[in-house]
There are 2 protein chains.
Amino acid sequence: MRDPASSSLPAAERTVFFVSDGTGITAETFGHSVLTQFELRFKQIRLPFIDTLEKAYDAVRRINESCVQDGKRPIVFSTLVKADLSAVVRRSSGMHMDLIHTFVEPLEQELGIKSSHTIGRSHNIADSDEYKNRIEAINFSLAHDDGQSDKNLALADVILVGVSRSGKTPTSLYLAMQYGIKAANYPLIPEDFQRGKLPGTLAQYKNKIFGLSIAPERLAEVRNERRPGSKYAALENCRYEINEAETMMRREGIRWMSSTTKSIEEIAATILQEIRLERHSY
Amino acid sequence: MRDPASSSLPAAERTVFFVSDGTGITAETFGHSVLTQFELRFKQIRLPFIDTLEKAYDAVRRINESCVQDGKRPIVFSTLVKADLSAVVRRSSGMHMDLIHTFVEPLEQELGIKSSHTIGRSHNIADSDEYKNRIEAINFSLAHDDGQSDKNLALADVILVGVSRSGKTPTSLYLAMQYGIKAANYPLIPEDFQRGKLPGTLAQYKNKIFGLSIAPERLAEVRNERRPGSKYAALENCRYEINEAETMMRREGIRWMSSTTKSIEEIAATILQEIRLERHSY
């Protein structure tokens, strides 16, 4: 959806504007979560930093032009806080989806406080402890990618295991970046299968190990992109490794899931659910 | 907000539920974008896979319990599609924020198609071209982290440069993961300053180079966490490197920004804006 390149979809059906007095990230994140519900291509245009009347009129002009060009009214996700700017943009020919007025205002009433948007303060994410946790988690996950380091494994929130190309690296980075979770990952390799044991350093951390498996056919496909025609990528070898890995995980009592048809987001959601990282409020 | 650990905030003020018939990712992403507007701690509980009446009643029970415990009604972000399930959960004592009915239904009318949520199909992200792009971009960015490889730099969408610890790595990974952008990054090191030139391989890609700088004081702080008391971390050295790096970027006509008080999200938004990666629809 963000990159509407999927070949099965028709040409861009509709133009979407994200209008904001700040970076536009809120309008965009929010808009994306709604638009992903539709199997359509959207041409997406961000109009950040709309913080003067002049810029607001300029935004309206762009929205109206696109309406004429497309022959269809654009969809406008807006997080404009100031009433005068919002009133200007609302008069465009777009379909106006107003995050602030629809959800933030009722919540302000409910919570009895003003939102940072309303009081015009950019919530300084970069200074928060949460943000520092995330950066720390990213560094941790990078340093502990692919079994690179046994150091500080005790600090890991989760240790992902699985055969090469089962999805461990992107999942670890996503967990770190999105949730501030220190996610190490460790490959299961043929030597482990021959010894019939988990890599030695992992045994003591069994309660935070989570396994990823994948259909051998899909694994062969992914590995062939990387090393075409190799033994590593051969279907028979993939079948062997997956079978051994799943047998080992069952024997060791390790929770695991298949990543075959799952996105990183879905894998991460399941891991959070399974591992129950309470201190991260999940 | 996701990890409500910021020491300046009071204890969890309100419980928030994310109720979904799927993974809950949409409800959660959406809810987060709204809740980040409030400087409050929220206790967050995900209730995914609520796809039967029994589970819906169970969700209501949990919401009501939390209401009694907190003495305040919880906030419920819901993406339940089926009318019968939605009707059950709506009767809880929580404050109901319904993504589907509020935005998706009007959009269905506007676009003249049903949403994937409504037709009960889990949009199989993992199979889309967009998703494959993202995974490819993550692999690319990892392989091109910290000047590790000059190979295929021609394929990079953007090449970040800056002194060590100026924020290049997390920004590159965020651009890849969130937007499917192939982001390489290259450190500017004292040898480059002595030669008074950009690293040789980069000269031909100047149009896609973007620089990150950072306040010397902040840099010294970050570096001291990593190598306490080193020359590398000394404020004087940080001042020297930053001054040289900024002089070089100005001389070479490279666009750059300071990452000092910016979050990864804000840095990425600015880079997208500056580089105008049209083929990614930004």
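All values derive from a computational prediction rather than experimental measurement.

Caption draft 1: How the structure looks around the pairing of strand 3 (residues 75-78) of chain B. All names here are of chain B. A two-sided burial pattern is seen for strand 3, the buried positions comprising Ile-75 and Phe-77 on one face and Val-76 and Ser-78 on the other. In terms of strand pairing, strand 1 (residues 14-19) meets strand 3 through four bridges, oriented parallel. Residue pairing for strand 3: Val-19 is matched across the bridge by Ser-78. For the crossover that starts at strand 3, traverses helix 3 (residues 83-90) and ends in the parallel strand 4 (residues 95-98), the hand is right-handed.

Caption draft 2: A look at the sheet that holds strand 6 (residues 183-187) of chain A. All names here are of chain A. The strand order across the open sheet formed by four strands is 6-5-7-8, and the pairing between neighbours is parallel. Looking at which strands have only one partner, the edges of the open sheet turn out to be strand 6 and strand 8 (255-258). Between one strand axis and the next, the sheet turns through 25° on average, direction left out of account. Note that strand 5 (residues 158-162) and strand 6 share five bridges and pair parallel. Bridging across to strand 6, Gly-162 finds its partner in Pro-187. The strands touched by helix 6 (residues 168-179) within the sheet are strand 5, strand 6 and strand 7 (209-213), with strand 6 carrying the most contacts at an inclination of about 170°.

Caption draft 3: A look at the packing of helix 6 of chain A against helix 6 (residues 168-179) of chain B. Taken N-terminus to C-terminus, the directions of helix 6 of chain A and helix 6 of chain B make an angle of 110°; their axes are 11 Å apart at the nearest point. With respect to each other, helix 6 of chain A and helix 6 of chain B are oriented roughly perpendicular. Residues Pro-170, Leu-173, Tyr-174 and Met-177 of chain A of helix 6 of chain A lie in contact with helix 6 of chain B, whose contacting residues are Pro-170, Leu-173, Tyr-174 and Met-177 of chain B. Here the residues of the contact of helix 6 of chain A with helix 6 of chain B sort into eight nonpolar, no polar and no charged.

Caption draft 4: Local environment of the UniProt feature "binding site: ADP" (unreviewed entry) in chain A. Residue and element names in this part refer to chain A. This chain's UniProt record puts "binding site: ADP" (unreviewed entry) on Gly-162, Val-163, Ser-164, Arg-165, Ser-166, Gly-167, Lys-168 and Thr-169. Mapping Ser-164 onto the fold places it in the loop between strand 5 and helix 6. Ser-164 sits in the partly exposed class, given a relative accessible area of 24%. In this structure, Ser-164 is in contact with Leu-188, Leu-219, Arg-223 and Tyr-232, ignoring residues within four places of it in sequence. Here Gly-167 lies in the loop between strand 5 and helix 6. The class of Gly-167 is partly exposed, set by a relative accessible area of 22%.

Caption draft 5: Quick look at the packing of helix 4 (residues 99-111) of chain A against helix 1 (residues 25-35) of chain B. Between helix 4 of chain A and helix 1 of chain B, whose axes approach to 10 Å, the crossing angle comes to 70°. Overall, the two elements helix 4 of chain A and helix 1 of chain B adopt an arrangement that is roughly perpendicular. Contacts from Leu-99, Phe-103, Val-104 and Leu-107 of chain A in helix 4 of chain A reach Phe-30, Val-34 and Leu-35 of chain B in helix 1 of chain B. Its residues assigned to classes, the contact of helix 4 of chain A with helix 1 of chain B comprises seven nonpolar, no polar and no charged.

Caption draft 6: Local environment of the packing of aromatic side chains. A full pass over the atoms with the stated rule returns seven aromatic pairs over all chains. For Arg-223 of chain A, the ring lying beneath its charged end belongs to Tyr-232 of chain A, and the centroid distance is 4.2 Å.

Caption draft 7: Region of interest: the confidence of the model for chain A. All names here are of chain A. Mean pLDDT for chain A: 86, with 89% of residues reaching 70 or above. Across chain A, element-level confidence peaks in strand 5 with a mean pLDDT of 97 and bottoms out in helix 1 (residues 25-35) with 77. Ignoring residues within four places in sequence, the model shows residues 1-9, a span with pLDDT below 50, making 29 contacts including any to other chains. Overall, residues 278-282 carries pLDDT values under 50, and its contacts beyond four positions in sequence, including any with other chains, amount to 20 contacts.

Caption draft 8: Highlighting the environment of Val-161 of chain B. All names here are of chain B. Its location among the elements puts Val-161 in strand 5 (residues 158-162). Taking the C-alpha atoms as reference points, Val-161 and Ile-209, separated by 48 residues in sequence, lie 7.0 Å from one another. Those residues in contact with Val-161 that lie beyond four places of it in its chain are Lys-168, Tyr-186, Leu-188, Leu-202, Ile-209, Phe-210, Gly-211, Leu-212 and Met-249.

Caption draft 9: Broad picture of the sheet that holds strand 4 (residues 95-98) of chain A. Strand order across the open sheet formed by four strands is 2-1-3-4 (chain A), with parallel pairing between neighbours. Two strands bound the open sheet, and with one partner strand each, they are strand 2 (42-47) and strand 4 of chain A. Geometrically, the sheet is characterised by an average inter-axis angle of 20° between neighbouring strands, direction not taken into account. Summarising the sheet, strand 1 (residues 14-19) of chain A and strand 2 of chain A pair through six bridges and their orientation is parallel. The partner of Arg-14 of chain A across the bridge, within strand 2 of chain A, is Phe-42 of chain A. Packing against the sheet, helix 4 (residues 99-111) of chain B makes contact with strand 1, strand 2, strand 3 (75-78) and strand 4 of chain A, and its axis sits at approximately 170° to strand 4 of chain A.

Caption draft 10: Region of interest: helix 6 of chain A. Residues and elements named next belong to chain A. Along its 12 residues, helix 6 runs 16 Å from first to last C-alpha, staying within 8% of the 16 Å computed at 1.5 Å per residue. Counting buried positions along helix 6 gives 12 out of 12 residues, so the element sits mostly inside the fold. What helix 6 keeps buried is the set Lys-168, Thr-169, Pro-170, Thr-171, Ser-172, Leu-173, Tyr-174, Leu-175, Ala-176, Met-177, Gln-178 and Tyr-179.

Caption draft 11: Molecular detail of helix 8 (residues 216-226) of chain A. Every buried residue of helix 8 of chain A is listed here: Pro-216, Leu-219, Ala-220, Val-222 and Arg-223 of chain A. Along helix 8 of chain A, the residues classed as buried sweep out an arc of 170° about the axis, all on the same side.

Caption draft 12: The arrangement of the pattern of salt bridges in detail. In this structure the tally under the stated criterion is 32 salt bridges over all chains. With a shortest N-O distance of 2.8 Å, Glu-265 of chain A and Arg-134 of chain B are connected by a salt bridge. Residue Glu-265 of chain A is located in helix 10 (residues 264-275), and its partner Arg-134 of chain B is located in helix 5 (residues 129-143); the two belong to separate chains. Each member of the pair, Glu-265 of chain A together with Arg-134 of chain B, is buried. Connected through shared salt-bridge partners, Arg-14 and Arg-73 of chain A together with Glu-110 of chain B make up one network.

Caption draft 13: View of the side chain of Glu-266 of chain B. Inspection of the secondary structure assignment puts Glu-266 of chain B in helix 10 (residues 264-275). Lys-262 of chain B provides the closest opposite charge to the buried, salt-bridge-free Glu-266 of chain B, at an N-O distance of 6.0 Å. Beyond its immediate sequence surroundings of up to four residues, Glu-266 of chain B is in contact with Thr-23 and Ile-25 of chain A together with Thr-261 of chain B.

Caption draft 14: Up close: unusual backbone geometry. One non-glycine residue with positive phi stands out, namely Arg-165 of chain A, at about 75°. Structurally, the position occupied by Arg-165 of chain A is in the loop between strand 5 and helix 6. In this structure, Asn-152 of chain B takes a positive phi of about 60° despite not being glycine. On the secondary structure map, Asn-152 of chain B appears in the loop between helix 5 and strand 5.

Each value, and the rule that gives it
Residues numbered from 1 in each chain as written. Chains lettered and ligands numbered in written order. Predicted model: local features only at pLDDT ≥ 70, side-chain atom pairs only at ≥ 80, totals over all residues. Heavy atoms only, no water. Buried < 20%, exposed > 50% of the residue type's maximum accessible area, 1.4 Å probe, protein only. Helix = DSSP H or I, 4+ residues; strand = E, 2+ residues; numbered from the N terminus. Pairing = 2+ DSSP bridges. Right-handed = clockwise from strand over helix to strand, strands pointing away. Axes fitted to C-alpha atoms, helices over the stretch in contact; angles between N-to-C directions. Contact = heavy atoms within 4.5 Å. Parallel < 35°, antiparallel > 145°, perpendicular 65-115°, else oblique. Nonpolar A, V, L, I, M, F, W, Y, C, P; charged D, E, K, R; others polar. UniProt positions renumbered as here; feature names shortened; annotations may be inferred. Phe/Tyr/Trp six-rings, centres within 6.5 Å; stacked < 30°, edge-to-face > 60°. Lys NZ or Arg CZ within 6 Å of the ring centre and 35° of its normal. pLDDT = per-residue confidence, 0-100. Expected span 1.5 Å × (residues − 1). Arc of directions from axis to C-beta. Salt bridge = Lys/Arg side-chain N within 4 Å of Asp/Glu carboxyl O. Lys, Arg positive; Asp, Glu negative; His and termini not counted.

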